[in-house]
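Commentary on secondary and tertiary structure
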Amino acid sequence: MTTAEKLAELRERLERAQDPGSERARKKRDDAGQTTPRQRIQALLDDGSFVETGALARTPGDKDAVYSDGVVTGYGRIDGRPVAIYAHDKTVYGGSVGVTFGRKVVDVMEFAIKIGCPVIGIQDSGGARIQDAVTSLAMYSEIARRQLPLSGRSPQISIMLGKSAGGAVYAPVTTDFIVAVEGQAEMYVTGPAVIKEVTGEAISSAELGGAVQQEQNGNVTVTVTSEDEAFEFVRDLLGHLPTSTFDEPPVVWAPADEDLDDSALDDFMPDDTNAGYDMMDLLVQLGDDEEILEIQENYAPNLICAIGRIDGRPVGFVANNPMHFAGCIDADAADKGARFIQTCDAYNIPLVFVVDTPGYLPGVDQEKVGLIHRGAKLAFSVVEATVPKISLIVRKAYGGAYAVMGSKNLTGDLNFAWPTAQIAVMGSAAAAVMIQGKQLAAIDDENQRAYMKKVFMDFYEENMTSPYVATERGYLDAMIQPSETRLTLRRALRQLSTKYENDLPKKHAIRPL
């Protein structure tokens, strides 16, 4: 064979590998208006940056084996920074995992471990390749084994663009962030047909594992409406994250201190201490701009976890939202906050706690779902985090919820409060029952009883919840006017920029159950 013939053969093989699925599978994809894995990769990465690996890989010993083995792998760049990437190809073996598929994904993960860069998986998988039996399961384990050295070292992101069942859901939920497209993504360990066969329960695939449902279950970071929106979110997200834990997060332009005008914040807080307001309306005024990426918006919405920027640098906001459960922390919110704090800490993103919470959510159901250990998990994560931690109390800060929201006693670095802050073991209404309950019950006249309760509550709020009490005892670093907040946060983060903590030597900590 001549050199020209060899080159022609290479070109012909590479051409076949570009879209190697069967004609029927490709037609089904095209009729559904879905894109190819390479189109998806090209849409996400910087133009011309994708370098494919393993394009001609296929199942060994099978003369009819298809190129790529159901996954496209390689590396490229987003905003000029390196990423490793793989994308399932549903037209080849249904995107299921076989031996060659697994080895290709393992190779790009090991590449990412070596150079310290993010790994992005575009998921659209049929799960394990049944005909490969134990080999497919072994490959799932090989992939999972590479996730541990990557975890907390470089960001791992999953983009869910189709159905992922069985073993195919475990790898995505082990990554740092999951972006799912509504109407396309579905996730479940056991599909509807098997559930009906085993338990008799009838449910549709979308109802069981659709993107919105899985976000409400706490398994999805954000739900979007299109592939383009998913790719845009991932690009924005990476723009707030470092390439690895050994790198600084990206820094962008921010207005100068003297150009800040936050006078409107002095009128932000309602006079009624029980009035609701949307905490996001405040957060967009504390950062440099309104570009804030909220994480798990529709899971435990009573606690907002979001990434924004202050002074041009990424920060993680952990904020109570009075619009849901009055800002109380329930078991789901505790889980959500704990994982977000851990993620920010891993990638050197300072934490800003914005506090307005009457406490942990009371109730029999909460006790049954493990509020004790799940709430403790949030406290554990706060103490474990070594990044700068700043707390801003804007209204209520009661009980254990006050402690876990970045208090100085739970390792918060700097604590500030607005004059509208209320800091106490509990609110005045609960205190009236606990402290004056018997005395009030002894008053027969209903009007007199209500009057005496109000007198006690007024006294309690003035003398026991006043932020000046906490300030006098050194639990607050400063009382500030709301209009000074953004400048105060900037200066605090600059002051803490060289913070360094080193834990006691040990193998690892043991988290609450």
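Everything below is about the structure shown above.
Reference entry: report on the structure contained in this document. Each chain has its residues counted from 1, following the order in which its sequence is written. With the structure being a predicted model, the display of local features is reserved for residues of pLDDT at least 70 and the display and counting of side-chain atom pairs for 80 or more, all residues being used for whole-chain, interface and lining totals. Values shown for side chains rest on all heavy atoms present in the structure; no hydrogens or waters enter the calculation.

1. Some remarks on the layout of surface pockets
Approximately 1200 Å³ is the volume found for the largest pocket. Using only the protein atoms, space was sampled on a 1 Å grid; points where a 1.4 Å probe fits but cannot get out form cavities, open sets with protein on both sides within 12 Å along at least five of seven lines form pockets, and lining residues are those with an atom within 4 Å of a point. D345, A346, Y347, N348 and V387 are the residues nearest the centre of the largest pocket, which is lined by 44 residues in total. Among the secondary structure elements, those contributing two or more residues to the lining of the largest pocket are α5 (134–150), β12 (313–320), α12 (331–346), α14 (371–384) and α19 (485–495). Labels follow the DSSP assignment, with helices taken as runs of H or I lasting at least four residues and strands as runs of E lasting at least two, numbered in each case from the N terminus. For the lining of the largest pocket, the element with the most residues is α12, which contributes six residues. When residues are grouped by polarity, Ala, Val, Leu, Ile, Met, Phe, Trp, Tyr, Cys and Pro land in nonpolar, Asp, Glu, Lys and Arg in charged, and all others, Gly among them, in polar. Here the lining of the largest pocket is built from residues that sort into 19 nonpolar, 12 polar and 13 charged. All domain edges in this entry derive from an automatic or database-based domain assignment. Shared between two domains, the lining of the largest pocket takes at least three residues from each, and those domains are domain 1 (11–239) and domain 2 (263–425 + 466–496). Grid points are joined across faces, edges and corners, and a volume is the space filled by probe spheres set on the points. Approximately 410 Å³ is the volume found for the second largest pocket.

2. A closer look at the packing of aromatic side chains
Pairing of aromatic rings covers Phe, Tyr and Trp, the last counted by its six-membered ring, and requires centre-to-centre distances within 6.5 Å; plane angles under 30 degrees mean stacked, over 60 mean edge-to-face, and any other angle means tilted. For the coordinates displayed, the defined rule picks out two aromatic pairs. Between the aromatic rings of Y75 and F111, the centroid separation amounts to 4.8 Å while the plane-to-plane angle is 25 degrees, which identifies the pairing as stacked. With Y75 in strand β2 (residues 71–78) and F111 in helix α4 (residues 99–115), the pair connects residues that are 36 residues apart, well separated along the chain. Exposure remark for F111: the relative accessible area of 26% places this residue in the partly exposed category. Classification of residues uses two cut-offs on accessible area relative to the type maximum, computed with a 1.4 Å probe and protein chains only: under 20% is buried, over 50% is exposed, and between them is partly exposed.

3. A few points about a nonpolar patch on the surface
Patch building starts from residues that exceed 30% relative accessible area and form no salt bridge, then joins like charges within 9 Å and nonpolar side chains (Val, Leu, Ile, Met, Phe, Trp, Tyr) within 5 Å. Calculation of accessible area relied on Shrake-Rupley with a 1.4 Å probe; when residues are assessed, cover is drawn exclusively from the protein chains displayed. Whenever a carboxyl oxygen of Asp or Glu lies within 4 Å of a side-chain nitrogen of Lys or Arg, that contact is scored as a salt bridge. On the surface, a cluster of nonpolar side chains totalling about 220 Å² of accessible area is made up of L10, L14 and L56. Under the relative-accessibility criterion, L56 is labelled partly exposed at 33%.

4. Quick word on the sheet that holds strand β7 (residues 177–181)
Taken in spatial order, the seven strands make up an open sheet running β1-β2-β3-β4-β5-β7-β9, and their pairing is mixed. The sheet terminates laterally at β1 (51–53) and β9 (222–224), the two strands that pair on one side only. Neighbour to neighbour, the strand axes of the sheet diverge by 20 degrees on average, direction disregarded. DSSP calls a pair of strands paired once it identifies at least 2 bridges connecting them. In the sheet, strand β3 (residues 81–88) pairs with strand β4 (residues 119–123) via four bridges, with the strands oriented parallel. Counterpart to Y86 in the pairing with β4 is G121. Here the axes come from fitting lines to C-alpha atoms, over the contacting stretch only for helices, and the angles between their N-to-C directions go from 0 to 180 degrees.

5. Quick notes on the side chain of K396
Among the secondary structure elements, K396 is positioned in strand β14 (residues 389–398). Under this definition, polar contacts are N or O atom pairs within 3.5 Å; protein pairs additionally need one hydrogen-donor-capable and one acceptor-capable atom, and for neighbouring residues in sequence, both atoms have to be side-chain atoms. Polar side-chain contacts of K396 include one of 2.7 Å to the side chain of N274. Other than its neighbours up to four places away in sequence, K396 contacts T273, N274, V355, D356, T357, P358 and Q422. Any two residues whose heavy atoms approach within 4.5 Å at even a single point are treated as in contact.

6. Re the state of the cysteines
When two cysteine sulfur atoms are found within 2.5 Å, that pair is recorded as a disulfide. With the rule as written, the count across this model stands at zero disulfides. As a non-bridged cysteine, C305 has C344 as the owner of its nearest cysteine sulfur, 8.0 Å distant.

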